[in-house]
Amino acid sequence: MLEPQSRAAFAEELKPPPGFDLSYAVGTTFTLDLATALSVPLSFASRRVSAADDKLGILESIRQFTDRIDIFCQAGEMRLGTNSDLVALLESMIHPVDLRNHGGLFHPKVWFLKYRNLNDKDDVAYRFLRASRNLTDDRSWDILLRLDGRRADTPNAELRAQNEPLARLLRSLPDWSINPLDPARAGRVKRFARWIRDVEWE
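This text gives an overview of the structure that appears in the document.

Analysis parameters
Residues numbered from 1 in each chain as written. Predicted model: local features only at pLDDT ≥ 70, side-chain atom pairs only at ≥ 80, totals over all residues. Heavy atoms only, no water. Helix = DSSP H or I, 4+ residues; strand = E, 2+ residues; numbered from the N terminus. Areas by Shrake-Rupley, 256 points an atom, 1.4 Å probe, with all protein chains shown as cover. Phe/Tyr/Trp six-rings, centres within 6.5 Å; stacked < 30°, edge-to-face > 60°. Lys NZ or Arg CZ within 6 Å of the ring centre and 35° of its normal. Buried < 20%, exposed > 50% of the residue type's maximum accessible area, 1.4 Å probe, protein only. Contact = heavy atoms within 4.5 Å. Pairing = 2+ DSSP bridges. Axes fitted to C-alpha atoms, helices over the stretch in contact; angles between N-to-C directions. Parallel < 35°, antiparallel > 145°, perpendicular 65-115°, else oblique. Nonpolar A, V, L, I, M, F, W, Y, C, P; charged D, E, K, R; others polar.

1. Let's talk about the overall build of the protein
- In terms of regular secondary structure, the protein is built from 5 helices and 9 strands.
- Total accessible area on the protein stands at roughly 10400 Å², and carbon and sulfur atoms take up 51% of it.

2. Structural notes on the packing of aromatic side chains
- The full count for this structure, using the stated rule, is 9 aromatic pairs.
- Geometrically, the ring pair formed by Phe-44 and Phe-65 is stacked, given 5.8 Å between the ring centres and 20 degrees between the ring planes. Of the two residues, Phe-44 is situated in helix H2 (residues 34-45) and Phe-65 in helix H3 (residues 55-66); the sequence distance between them amounts to 21 residues.
- Counting every residue linked through ring pairs, the aromatic cluster contains Tyr-24, Phe-112, Tyr-126, Phe-128, Phe-192, Trp-195 and Trp-201.
- Positioned above the aromatic ring of Phe-65, the side-chain terminus of Arg-68 is 4.5 Å from the ring centre.
- Above the ring of Trp-195, the side-chain terminus of Lys-114 is found at 3.6 Å from the ring centroid.

3. Some points on the environment of Phe-72
- With respect to the secondary-structure elements, Phe-72 resides in strand S3 (residues 69-74).
- Given the relative accessible area of 0%, Phe-72 is considered buried.
- Considered as a pair, Phe-72 and Lys-109 are 37 residues apart in the sequence and their alpha carbons are 9.6 Å apart.
- When residues no more than four places from it in sequence are discounted, the contact partners of Phe-72 are Val-26, Gly-27, Thr-28, Thr-29, His-95, Val-97, Phe-106, Leu-173, Pro-174, Ser-177, Leu-181 and Val-189.

4. What to know about the pairing of strand S6 (residues 110-117)
- Burial analysis of S6 places 7 of its 8 residues in the buried class, the great majority of the element.
- As paired strands, strand S1 (residues 20-29) and S6 are joined by 7 bridges and run antiparallel to one another. Bridge assignment links Asp-21 to a residue of S6, and that residue is Arg-116.
- Looking at chain direction, S6 and strand S7 (residues 120-131) are connected through 8 bridges and run antiparallel. In the sheet register, Asn-117 faces S7, and the bridge partner there is Asp-120.
- Hairpin connection, S6 to S7: the antiparallel pair is bridged by 2 residues.

5. Describing the packing of helix H4 (residues 157-176) against helix H5 (residues 183-196)
- Running from amino to carboxyl end, H4 crosses H5 at an angle of 175 degrees, the nearest separation of the two axes being 8 Å. Here H4 is positioned roughly antiparallel relative to H5, judged by the angle of their axes. From H4, Asn-163, Leu-166, Ala-167, Leu-170, Arg-171, Pro-174 and Asp-175 reach across to H5, where they touch Ala-186, Val-189, Lys-190, Phe-192, Ala-193 and Ile-196.
- Each residue belonging to the contact of H4 with H5 can be placed in one class, and the counts come to 9 nonpolar, 1 polar and 3 charged.

6. What about the sheet that holds S6?
- Strand order in this open sheet of 7 strands is S5-S3-S1-S6-S7-S8-S9, and the pairing throughout is mixed. Looking along the sheet, the strands with just one partner apiece sit at the ends: strand S5 (94-97) and strand S9 (199-201). Strand-to-strand, the axes of this sheet are offset by a mean angle of 25 degrees, without reference to chain direction.
- Pairing analysis gives 4 bridges linking S3 to S5, with the strands arranged parallel. In the sheet register, Phe-72 faces S5, and the bridge partner there is His-95.
- Across the sheet, H4 is in contact with S1, S3, S5, S6, S7 and S9; its angle to S9 comes to roughly 115 degrees.

These results come straight from atomic positions and should not be treated as a statement about function.
Here you go:
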């Protein structure tokens, strides 16, 4: 159970394994405030920023990580939460979803993360997070499930069947967005769905 007073524990769960860097992440939430969403790329960029970096260097580091993250949220359930000019960097990575024509609301609170070894680009690790709290500054208690995994050397039908619900969710996300995703982003989400099918979770 994660303490309710801050999102620090959540940011710690996003943190790459030692020697790895974020390659790609997809997150989902019902409600979203932009200040809290900004904390996601900031949590990765902060590990790269040094005291020698000027403002432009910091902004570029944040931008690089917003290019690696896609967040899907319920349409109409987004709020500003901050007056920071930095939220303008989030525009390309946040995608409102509207499922009312399908008889429901968009309510999953999960994260799919892919990390790459800084010294070996072929060494890839995966993480799945399932949270009880939305991506907001809400102060309720949070329960979070974390699974770490690697792609199987010899994927099989049983493993793919186990992972199919996760893959199906990922595949569907670009089609549910009310604003068409950039084709490169949409294709990346769907490729991620294929990779997830072959992950063996610890």
